[in-house]
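What follows is each chain in one-letter form.
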Amino acid sequence: MSFCFSLMKPLLAGCLAACLAGCEENDFIPLSDFPDETHTNPPIVLRSDTLRILAIGNSYTRIAIEWIDTIAAHLNADYEKFCIYAVTVSDKGLDYWAQAYRQHEILHLERQAGAVTVPSDSGTLEALVRQPWDMVMLQQISSRANDSRSFHPYIDTLVNVLRRECPNPDVIIVWHNVWARLSDEDETGDMNQRWNIAASLHLLNSGYVDVIVPVCQAVQYARHSPVNTPHYLTRDGSHLTEAVGTYIASATLFETLLAPVFHCSVTDDNTVHIVTDYEKSWHKYETVNLDDSTRSVALGCVLKAVAAPFTPFKQ
């Protein structure tokens, strides 16, 4: 498998360099500092007949994968041509995974989407990486996702392991830009969204990652749309609500990573879901059914974010 990044990545990095110039790593980027042009991720082109994705993270990772199989089925993306395996631990970030690598901790993979298999689902991080992955997705814990200083030295360790150990020389390192957390000072998450973007730009511009999955931006657009809830699409103040919130995360991941490979778009998805009593039982806050109307709004937010993954929500 090979991906067409060699021409686009330097150009994109150059265009974005001005965004970080003069900014402290923990500072948000003022809207006026963003380029007027619409920048996108470099193109992804599949040159073999399968796509294998490894996702390393926490419960936010699982949320982003939750609807992938359902969306794939509706868009006729062949289950037999892809897989997403996840290794996750709740409330853990980059520091945990770097430590797990250094201490040779035994980890366990779970296939979360697709039907393609990999040789081993248990082993050290180094051993698990030594499999034919086409993409590996990383993320930071949400409470520190807006501070690029918290990424180091852990992201350095993890990226070095991925680049060195993965047998695919063209492996793509993906950054899951998680939705902005809420706080008393930043009730809507708008300010934290800007910080999250600045942090993800730092990783892209510095060559740590190749592609950004802009879940943060998609959720932020939705928080200013008719599908928003009194608790900003969260079921507990942190995790996204069923069904619209979690669907937005999955649709953003699908549109960024799988749609280019399978030559489809979530624009044509027709997923519907009425939130069950069981699902409501583990929600502290509101739920939102996924129907034709709410899905249309949700996908509008997703497509806007994917089209301009480095541009924050604008009032």
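Relevant structure appears above.
Here's what I pulled together on the structure shown here. Everything numeric here is computed off the predicted structure, so don't read it as measured data.

Here we look at the pairing of strand β7 (residues 172–176)
The element β7 is largely enclosed, with a buried count of five among its five residues. Where strand β6 (residues 135–138) lies against β7, four bridges are found, and the strand directions are parallel. If you follow Val136 over to β7, its bridge partner there is Ile173. A crossover links β6 with its parallel partner β7, the connecting element being helix α6 (residues 154–165), and its sense is right-handed. Here β7 pairs with strand β8 (residues 211–213) via three bridges, running parallel. When the sheet's bridge partners are listed, Val174 is paired in β8 with Val211.

Some points on unusual backbone geometry
In the segment running from His152 into Pro153, the intervening peptide bond is cis, with an omega of 5 degrees. Within the element layout of this structure, Pro153 appears in the loop between β6 and α6. With an omega dihedral of -5 degrees, the bond running from Glu242 to Ala243 counts as a cis peptide bond. Positionally, Ala243 belongs in the loop between α8 (215–222) and α9 (244–262). Non-glycine residue His104 carries a positive phi angle of around 55 degrees. In this fold, His104 is placed in the loop between α4 (94–102) and β3 (107–108). Overall, His104 belongs to the exposed group, its relative accessible area being 52%.

The rules behind each value
Sequence order as written defines residue numbering, which begins from 1 separately in each chain. Reporting of local features is limited, given that this is a predicted model, to residues whose pLDDT is at least 70; pairs of side-chain atoms are given and counted only at 80 or more, and all residues count toward the totals for whole chains, interfaces and linings. Neither water nor hydrogens contribute to the side-chain values; these are computed over all heavy atoms in the structure. Accessible area is worked out with a 1.4 Å probe on protein chains only. A residue is then buried under 20% of its type maximum, exposed over 50%, and partly exposed in between. Strands here are runs of E lasting at least two residues and helices are runs of H or I lasting at least four, both read from the DSSP assignment and numbered beginning at the N terminus. A pair of strands is labelled paired if DSSP reports no fewer than 2 bridges between them. Crossover handedness is defined by viewing with both strands directed away from the observer: a clockwise path from the first strand over the helix to the second marks the crossover as right-handed.

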